[in-house]
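Architecture and fold: a report
Here is how the chains run, residue by residue.
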Amino acid sequence: MAAGNERSMKALKEVWKRAENSLCADCGKPDPDWASSTLGVFICLSCSGIHRNIPSISKVKSLKMDYWDDAQVQFLAKHGNAVTKAIYEAHIPIYYYQPTYNDCQVLREQWIRAKYERKEFTEPGKHLPYSDGVKEGILWKRGRDNGQFLPRKFLLSEREGCLKYFTKQDAKEPKINVKIDVINATFQPEKIGNPNGLQITYLKDNKTRNIFVYHESGKEVVDWFNAIRSVQFHYLKVAFPIASDNEIKNRLTRNFLKEGYMEKTGPKQKEAFKKRWFTLDHRRLMYFKDPLDAFAKGEVFVGSGENGYSVQKGLPSGTQGNFSWHHGITIVTPDREYLFTCETETDQLEWVRAFTSVINQAMTPQEYASKCLGAVPFPS
């Protein structure tokens, strides 16, 4: 018996060591140490918890702590991540967002359920709830002034190239009508205080407007998210006919590069530093009094190094404004310097890294146009 167990463990390790199985099959996290004995995939601890919630589809076991018999090991050897992905990920729409281990729970769970439970990607031409070019339904939207979440009707239309929402079910005219090409959507469960919280942003008069929504159903809110990406993709295919699918895919919804609190001072650099919530959305650095504000108090464009932008740790010598946090950052632009302080050195390094990643990228023609339109400079 001991010899058989030893033989199974040796065979298991051989399969486990294959290059194809070195990343979690569902989120890409390195060094997965769990596996599904019914699907034949190697997965991380976090994804194994999601698999455990669909026991009719997947039985999960630890590769380190649990016993694997010969038949189970042979099943893993016959399948593995490459073979199983070829089945369950055969026909993923290019616009569909495939989450990583850095993404929130609802995105990862619905991705796993879409693959294995609903089998959405196993055959070509399958009807998908986010591929119709139109989606209508109720989302709970946070009120701009009172902060209460109330049900609102939303309508997404590829034909009209827009997203609308209505304050009443029977309203003839929408409260907003936003062109699809100026919309972004990103999941924000912690900030919104709901596991299915989605932040929708759009540009209005070249200023960023935030809408915070959620749906009780994780599947429904992720369907809305991918429906927005689907409509954007097809709109951009028409607008940029010579662009490749991958180029267009990279222009769909994006996560923010960095968010969090910093202190800021005004343009004279003598005012007291005030604590504000900052969001870096690629080249737009915005600040808010509250993370759930509908409009930014100010925005600044962050250009490239070759155009005179840079980031430096610390504050200029002789900075006079009073500040309670002591880990400074200076953003240098062709027009002025922007001064910030962070609470911890870790925050400082993360912000510097995020700014550096943007400044090191060459500007596109569209970004030059955005700069000419002008982000709103920070007031005092």
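Parameters at a glance
- Residues numbered from 1 in each chain as written.
- Predicted model: local features only at pLDDT ≥ 70, side-chain atom pairs only at ≥ 80, totals over all residues.
- Heavy atoms only, no water.
- Domains from an automatic or database assignment.
- Helix = DSSP H or I, 4+ residues; strand = E, 2+ residues; numbered from the N terminus.
- Buried < 20%, exposed > 50% of the residue type's maximum accessible area, 1.4 Å probe, protein only.
- UniProt positions renumbered as here; feature names shortened; annotations may be inferred.
- Salt bridge = Lys/Arg side-chain N within 4 Å of Asp/Glu carboxyl O.
- Pairing = 2+ DSSP bridges.
- Arc of directions from axis to C-beta.
- Contact = heavy atoms within 4.5 Å.

Some thoughts on the domain arrangement of the protein
You can read the domains of the protein as domain 1 (1-117), domain 2 (134-250) and domain 3 (258-374). Centre-to-centre, using C-alpha coordinates, domain 1 lies 42 Å away from domain 3.

Quick notes on unusual backbone geometry
Phi at D31 is positive, roughly 60°, even though this residue is not glycine. Structurally, the position occupied by D31 is in the loop between α1 (2-16) and β1 (34-36). Positive phi, close to 55°, is recorded for H282, a residue that is not glycine. With respect to the helices, strands and loops of the structure, H282 is situated in the loop between β12 (274-281) and β13 (284-288). Overall, H282 belongs to the partly exposed group, its relative accessible area being 24%.

Brief notes about the UniProt feature "domain: PH" (unreviewed entry) in the protein
Sites flagged by UniProt as "domain: PH" (unreviewed entry) map to residues 132-233 and 255-360. As annotated, residues 132-233 comprises 20% helix and 46% strand, and the C-alpha atoms at either end are separated by 13 Å.

Structural notes on the pattern of salt bridges
One pass over the full model with this rule turns up 19 salt bridges. The salt bridge involving D26 is made with K115; its shortest N-O contact spans 2.6 Å. Of the two residues, D26 is situated in the loop between α1 and β1 and K115 in helix α5 (residues 105-117); the sequence distance between them amounts to 89 residues. Here the two residues D26 and K115 agree in accessibility, since each one is buried. Taking the shortest distance from any N to any O, the salt bridge between K153 and E136 comes out at 3.8 Å. A residue pair is termed long-range when its members are at least 10 positions apart, and K153 in strand β5 (residues 149-157) and E136 in strand β4 (residues 134-142) qualify at 17 residues. Classification of E136 as exposed rests on a relative accessible area of 52%. Overlapping salt bridges bring together D26, K85, E89 and K115 as one network.

Overview of the pairing of β13
Burial within β13 is extensive, with 5 of its 5 residues counted as buried. Burial along β13 is two-sided: the residues R284, M286 and F288 and L285 and Y287 are all buried. Inspection of the sheet shows β12 paired to β13 by 5 bridges, in the antiparallel sense. Paired with W277 across the bridge in β13 is F288. Hairpin remark: β12 followed by β13, antiparallel, with 2 residues in the connecting loop; positive phi at H282, about 55°.

What about the sheet that holds β1?
Ordered by their spatial adjacency, 3 strands build an open sheet running β2-β1-β3, and the pairing between neighbours is antiparallel. The outermost strands of the open sheet, each flanked by one partner alone, are β2 (42-43) and β3 (60-62).

Details of helix α2 (residues 45-52)
Those residues of α2 not exposed but buried are C47, S48, I50 and H51. All buried residues of α2 lie within an arc of 155° about the axis, which places them on one face of the element. On its buried side, α2 packs onto β1, β2, β3 and α5.

Some details on the pairing of strand β17 (residues 337-342)
For β17, the tally of buried residues reaches 5 of 6 residues, placing the bulk of the element in the interior. Here strand β11 (residues 258-264) runs beside β17; their pairing, made up of 2 bridges, is antiparallel. Bridge pairing in β17 links K264 to F340. Two strands pair when backbone bridges link them, and strand β16 (residues 327-332) and β17 are joined in this way by 6 bridges, in the antiparallel orientation. Across the sheet, T330 pairs through a bridge with L339, a residue of β17. Hairpin connection, β16 to β17: the antiparallel pair is bridged by 4 residues.

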